[in-house]
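Okay, here's what each chain looks like letter by letter:
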Amino acid sequence: MKLGGKKVLLGITGSIAAYKTAELTRLLVKEGAEVRVIMTPASTEFITPLTLATLSRNPVLSLYHDPVSGVWNNHVELGLWADVFVIAPISANSISKLATGQCPDLLSAVYLSAKCPVILAPAMDLDMFAHPGTSENLEKLKSFGNQIIGPEKGELASGLKGEGRMTEPADILTYIIRAFSPHPAIEGIKVLVTAGPTHEALDPVRYLTNHSSGKMGVAVARTFAQKGAFVTVVAGPGVTITNEKNLEVIHVVSADDMFDACMRLFPESAVTVMAAAVADYRPLKPSSQKIKKSDGLLTIEFEKTRDILAEMGKIKSDKQFVAGFALETDNELANAESKLHRKNVDLIVLNSMNSEGAGFNSDYNKITIIEKNNKITDYNLKPKQEVAADIFNTIISYLPL
């Protein structure tokens, strides 16, 4: 059984395609998954909870509080319980709610609490799917790291033919199995990822930093963890990530803190991805008291911070793979190529400050990957989770199977 021991949350929203979830539930259970079903109130008009409870061998949940049993269905616990959350079908209405963070029912509350991968299988009429609002909402959900499967083309409930059919249960099952299948090149290896900014103290109140959110590093870390690696994330201030399956987080503040954590972990890391925006300089002598405003200019001396990537390049073995990031504003490609060779790393991911819609705090990124064999690949603007997949696929091409 390919899903033996896996915990699958199956969410069902109000679409005629809900009738297909009986077959999907049966297939998941047959493959060894433990299935729990969450239905929106509207979906119960299309398929009965009794059918799904019988097939899943678990009570079906729809309300926060079951008035019959008196049981409180804790959305946080459900979100933590699952290894994957599959919402199939997801209607245009529910897509809109999830994309905008609305929380009108148990299913959406569990979605907002989920720490696991989320797979969405849309189903609706072709004109609803083609509407710019639906397209925008789906792109937003992709930017959150959600995976979208389908919809397919075919005959729809309206009698029209076009794109809007929910992907068939057997194909959704195959997709879920592949999502859980570890990649042989990285299964069980140790991966180190850095993410976010650092804070360099000026005085007890103020610090120097940058606009990095850490979203790119987090996406890379989760991609490796989902494929079977043991990932440690060294995260700067403000990075939104907690310990998850196959993923441990170490929170740091300054460039020195990040240096110490990374150099401690690096010798045992087979793959290292330095996505953090580490400060290059820090105040030479931070004030022990708050600096008061006064007339005239304020002069502060700065010193270089220790270069984490360069130090890794000095000591890395032939069995280690190190990827760095370069954020440039001018002479982008030349500067990134120089960094690749100067710091003796295997790959540089070039981010451009000149790419509209990409960069700090955005859910999207546009990158160029520069490899040690001088191969240069440009990628289109896309959600950071998809960018992470491009980086992952490039790195694993260098690793032994």
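Starting afresh in each chain, residues are numbered from 1 along the sequence in its written order. Note on the predicted model: pLDDT of at least 70 is required for a residue's local features to be given, and 80 or more for side-chain atom pairs to be given and counted; whole-chain, interface and lining totals, by contrast, use all residues. Excluded from the side-chain calculation are hydrogens and water; included are all heavy atoms of the structure.

S.K.: Could you give me a rundown of the sheet that holds strand β17 (residues 347-352), with the residues and numbers involved?
M.R.: By definition, two strands form a pair when at least two bridges between them are found by DSSP. Note on conventions: DSSP H or I runs of at least 4 residues are helices, E runs of at least 2 residues are strands, and numbering of each starts at the N terminus. One open sheet holds the 8 strands; their spatial order is β12-β11-β8-β13-β16-β17-β19-β20, and the pairing between them is mixed. The open sheet terminates on both sides in strands that have one partner only, identified here as β12 (247-251) and β20 (376-378). Sheet twist, expressed as the average angle between the axes of neighbouring strands with direction ignored, equals 15°. Where helix α13 (residues 384-396) meets the sheet, it contacts β13 (271-274), β16 (321-328), β17 and β19 (367-371), and its direction lies at approximately 10° from that of β19. Helix axes use the C-alpha atoms of the stretch in contact, all axes being lines fitted to C-alpha atoms, and the angles between their N-to-C directions lie in the range 0 to 180 degrees. Whether two residues are in contact is decided by their heavy atoms, any of which lying within 4.5 Å being enough.

S.K.: Residue-level account of the nonpolar core, with values.
M.R.: For our purposes a nonpolar core is just a set of buried Ala, Val, Leu, Ile, Met, Phe, Trp, Tyr and Cys residues, chained together by side-chain atoms within 4.5 Å. Under the scheme applied here, a residue whose accessible area is under 20% of the maximum for its type counts as buried, over 50% as exposed, and between as partly exposed, the area being computed with a 1.4 Å probe on protein chains only. In terms of nonpolar packing, the biggest core is built from 38 residues, with Phe 224, Val 231, Val 273, Ile 391 and Ile 395 touching the most fellow members. With 7 residues, helix α9 (residues 215-226) is the largest single contributor of residues to this core. Sequence-distant contacts of Val 231, that is, excluding residues within four places in its chain, are made with Val 191, Val 193, Ala 221, Phe 224, Ala 225, Asn 246, Leu 247 and Glu 248. Core analysis: the second largest hydrophobic core is formed by 31 residues, Val 29, Val 86, Ala 123 and Phe 180 among them.

S.K.: So what's going on with the pairing of strand β7 (residues 161-165)? Which residues, and what values?
M.R.: One ladder, built from 4 bridges, connects strand β6 (residues 152-155) with β7; its direction is antiparallel. Counterpart to Glu 155 in the pairing with β7 is Lys 161. Hairpin connection of β6 to β7: 5 residues between the antiparallel strands, including Gly 159 at a positive phi of 95°.

S.K.: So what about the packing of aromatic side chains? Which residues, and what values?
M.R.: Centres within 6.5 Å are what make two rings of Phe, Tyr or Trp a pair, Trp counting through its six-membered ring; a difference in plane orientation under 30 degrees is then read as stacked, over 60 as edge-to-face, and the rest as tilted. Within the structure shown, the criterion is met by 3 aromatic pairs. Plain terms: the ring middles of Tyr 64 and Trp 72 are 5.8 Å apart, the flat faces sit at 15° to each other, and that makes the pair stacked. A residue is classified by how much of its surface remains accessible, and Tyr 64, at 26% relative accessible area, is partly exposed. For the pair Phe 224 and Phe 392, a centre-to-centre distance of 4.9 Å together with 75° between the ring planes defines the contact as edge-to-face. You can see Phe 224 sitting in helix α9 and its partner Phe 392 sitting in helix α13, a full 168 residues away along the chain.

S.K.: Go over the packing of α9 against α13 with me, naming the residues and quoting the values.
M.R.: It is at 8 Å that the axes of α9 and α13 come closest, and there the two elements cross at 55°. Of the possible angle classes, the one that applies to α9 and α13 is oblique. In this structure, α9 crosses over α13, and the sense of that crossing is right-handed. Contacts between α9 and α13 involve Lys 215, Met 216, Ala 219, Val 220, Thr 223 and Phe 224 on the former and, on the latter, Lys 384, Gln 385, Val 387, Ala 388, Ala 389, Ile 391, Phe 392 and Ile 395. Under this grouping Gly is polar, as are all residues other than the nonpolar Ala, Val, Leu, Ile, Met, Phe, Trp, Tyr, Cys and Pro and the charged Asp, Glu, Lys and Arg. Classifying every residue of the contact of α9 with α13 by side-chain character gives 10 nonpolar, 2 polar and 2 charged. If an angle is under 35 degrees, it is roughly parallel; if it is over 145, roughly antiparallel; if it lies from 65 to 115, roughly perpendicular; otherwise it is oblique. Left-handed describes a crossing in which the near helix is turned anticlockwise from the far one by less than a right angle; the clockwise case is right-handed.

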